[in-house]
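# A structural walkthrough
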Amino acid sequence: MNKINVTQSSLPTLEEYINEIKDLWDSRWLTNMGVKHQKLEMELKEYLHTPNITLFTNGHIALESVIDASNLTGEVITTPFTFASTTHAITRNGLIPVFCDINESDYTIDIEKIESLITDKTSAIIPVHVYGNVCNYIEIDRIAKKYNIKVIFDAAHAFGVIVDGNKVANLGDASIFSFHATKVFNTIEGGAVTYKDESYKLRLDDIRNYGIRSPESVMYPGGNGKMSEFHAAMGLCNLRHIEEDINKRKIIDEHYRERLSNIKGIKLNIIKEYVKKNYAYFPVVFNGYKYSRNEVYEKLLKEGITARKYFYPLTNNFECYKNNINYTPVANNIANQILCLPIYSELNKIDVEKICDIISK
Ligand SMILES: *Cc1c(COP(=O)(O)O)cnc(C)c1O
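Right, let's walk through the structure included here. As the structure is a prediction and not an experimental result, all values here were calculated from the model. (Residues numbered from 1 in each chain as written. Predicted model: local features only at pLDDT ≥ 70, side-chain atom pairs only at ≥ 80, totals over all residues. Heavy atoms only, no water.)

## Regarding the overall build of the protein chain
The helix and strand tally for the protein chain stands at 13 helices and 15 strands. The C-alpha radius of gyration of the protein chain comes to 21 Å, within 12% of the 21 Å expected for a compact globule of 361 residues. Seen through its C-alpha atoms, the protein chain measures out along the principal axes to roughly 70 × 55 × 40 Å. When the 361 residues of the protein chain are sorted by exposure, 55% land in the buried category. In the protein chain, the proportion of contacts linking residues at least 24 apart, taken out of those at least 6 apart, comes to 71%. Of the roughly 16300 Å² of accessible surface on the protein chain, 52% is carried by carbon and sulfur atoms. In the protein chain, 42 positive and 45 negative side-chain charges are present, and the distance between their average locations comes to 4 Å. (Helix = DSSP H or I, 4+ residues; strand = E, 2+ residues; numbered from the N terminus. Rg over C-alpha atoms; globule rule 2.2 N^0.38 Å. Buried < 20%, exposed > 50% of the residue type's maximum accessible area, 1.4 Å probe, protein only. Contact = heavy atoms within 4.5 Å. Areas by Shrake-Rupley, 256 points an atom, 1.4 Å probe, with all protein chains shown as cover. Lys, Arg positive; Asp, Glu negative; His and termini not counted. Charge placed at Lys NZ, Arg CZ, Asp CG, Glu CD.)

Next up, the structure:
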């Protein structure tokens, strides 16, 4: 049986990668912000149209680091409808995550519910552009200004997304991206912080490299978050093919929509005309359909197709956050009804047909 996974990592040809890493055997400079790292930073700055970028070993460390660099205290308002990383990064900085519910239309943080959660301890909002759906950044910005708090977007899903003609990297005080193997753009493991305010740079550099500014000057108790030359080289290769990859995903997305839209009890991710999407995920909500989410998941699994209950469980239902009392009924419902179907650039039309046949059979 030909197995289909929820995702498959994009890779350049072996020749292309070998070509890219060849000169590392001459320089023997394998990490610590070498030429590949510098080149990738420059190319990503251009691709993301961002004035500042700092690369990291992965998206999670990027998020932990930018929270650290933002001097936050007390409570941070965030969404439970996300990957473990978002909530853990807040907690691991000694801060308290305050869970805000999501909206029913695009599953991002519900801007109607943020203000009631703000207390005199709130220092930031960390929303997530979940599935590449851009949060209502205008309203979030208004709230943040009103209460003088910071906004850090978890844009791990949003690489390549354009909103109102602007790249998503420029929203809020800072945004983080993940370049993990399962994401739209990958450096195997990797991540980045993008930001407007240049004063973030030195602090992020300190956090990324032990606070070492020169051999005899250590200014901050930082950690190690450096991206290696081999990872940066993979990024340089994959970046050459990103538009082609996103276009292939678009065709798959359209194909799914042809088969699954206008079916009673099946709700697809909305398309907003002011957003250019990256087609990172294909989430489907089963609500009142002849099969439940779990039944569809099992049916697919029996045929060798692994979909993903993404995001289930919610992070505020994790054992380690059980004591948190915030009630998020909409997120609870969606988490029980949503299933992400396989989507990746090399997924073929026959497999999409097969998946849709199993769902509707
Ligand atoms: C993948 C992901 C992260 C973490 O990124 P890594 O590169 O895997 O460390 C953070 N937030 C969200 C929403 C993610 O999907």
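Read on, since the account is not over.
## Concerning the packing of helix α10 (residues 242-260) against helix α13 (residues 349-360)
Running from amino to carboxyl end, α10 crosses α13 at an angle of 30 degrees, the nearest separation of the two axes being 10 Å. Judged by the angle between their axes, α10 and α13 are roughly parallel. Two packed elements cross with a definite hand, and for α10 against α13 that hand is right-handed. Residues Ile252, His255, Tyr256, Arg259 and Leu260 of α10 form the contact with α13, whose participating residues are Lys349, Val352, Glu353, Ile355, Cys356, Asp357, Ile359 and Ser360. Residues of the contact of α10 with α13, tallied by class, amount to seven nonpolar, two polar and four charged. (Axes fitted to C-alpha atoms, helices over the stretch in contact; angles between N-to-C directions. Parallel < 35°, antiparallel > 145°, perpendicular 65-115°, else oblique. Left-handed = near helix turned anticlockwise from the far one by under 90°. Nonpolar A, V, L, I, M, F, W, Y, C, P; charged D, E, K, R; others polar.)

## A few points about the packing of helix α3 (residues 35-48) against helix α9 (residues 229-240)
Relative orientation of the contacting elements α3 and α9 amounts to 35 degrees, with a least axis distance of 8 Å. Judged by the twist between their axes, the crossing of α3 over α9 is left-handed. For the pair α3 and α9, contact is made by Val35, Lys36, His37, Lys39, Leu40, Glu43, Leu44 and Tyr47 and by Glu229, Ala232, Ala233, Gly235, Leu236 and Leu239, respectively. In terms of residue class, the contact of α3 with α9 is built from eight nonpolar, two polar and four charged.

## Describing the nonpolar core
For soluble globular proteins, the rule of thumb is that nonpolar side chains tend to be buried together. Core analysis: the largest hydrophobic core is formed by 87 residues, its most contacted members being Phe81 and Leu341. Both domains that meet at this core, namely domain 1 (14-240) and domain 2 (242-360), each give it at least three residues. Dropping the residues within four chain positions of it, Leu341 is found in contact with Val6, Tyr256, Leu260, Phe282, Val284, Leu300, Ala307, Ile355 and Ile359. Counting 23 residues, the second largest nonpolar core, distinct from the first, contains Leu63, Ile67, Ile152 and Tyr200. (Core = buried A, V, L, I, M, F, W, Y, C linked by side-chain atoms within 4.5 Å. Domains from an automatic or database assignment.)

## So, the site of the ligand
Near the ligand there are 15 residues, and of these Gly59, His60, Asp154, Ser178 and Lys183 occur at the shortest range. Interatomic distance of 2.8 Å between a backbone N/O atom of Gly59 and an oxygen atom of the ligand. Here an oxygen atom of the ligand and a backbone polar atom of His60 are 2.8 Å apart. Elements represented by at least two residues in the shell around the ligand include exactly α4 (59-69) and α5 (84-91). Broken down by class, the residue content of the shell around the ligand amounts to three nonpolar, ten polar and two charged. (Near = heavy atom within 4 Å. Polar contact = N/O pair within 3.5 Å; in protein donor to acceptor, adjacent residues only side chain to side chain.)

## Notes on unusual backbone geometry
Here the residue pair Tyr310 and Phe311 is connected by a cis peptide bond, since its omega of 15 degrees sits within 30 degrees of zero. Within the element layout of this structure, Phe311 appears in the loop between α11 (293-302) and α12 (329-337). Here Tyr312 and Pro313 are connected by a cis peptide whose omega angle stands at -5 degrees. By the element assignment, Pro313 lies in the loop between α11 and α12. One non-glycine residue, Arg28, lies in positive phi territory at about 60 degrees. Here Tyr107, not a glycine, exhibits a phi torsion of approximately 70 degrees, which is positive. Checked against the element boundaries, Tyr107 lands in the loop between β3 (96-99) and α6 (111-114).

## Digging into the pairing of strand β15 (residues 338-341)
Of the two faces of β15, the one lined by Ile338 and Cys340 and the one lined by Leu339 and Leu341 are each fully buried. One ladder, built from four bridges, connects strand β14 (residues 282-286) with β15; its direction is antiparallel. Looking at the pairing, Pro283 lines up with Cys340 of β15. (Pairing = 2+ DSSP bridges.)

## Brief notes about the side chain of Arg257
Note that Arg257 resides in helix α10. According to the relative accessible area criterion, Arg257 is buried, its value standing at 15%. In contact with Arg257, not counting residues within four places along its chain, are Leu268, Asn269, Ile271, Lys277 and Phe282.

## With respect to the pairing of strand β9 (residues 191-195)
Of all five residues making up β9, five are buried, and the element is well covered by its neighbours. Of the two faces of β9, the one carrying Gly191, Val193 and Tyr195 and the one carrying Ala192 and Thr194 are both buried. Relative to β9, strand β1 (residues 52-56) runs antiparallel, the two sharing five bridges. Looking at β9, one finds that Thr54 is bridged to Val193. As paired elements, strand β8 (residues 174-178) and β9 share five bridges and run antiparallel to each other. Considered in β9, the bridge of Ile176 is made with Val193.

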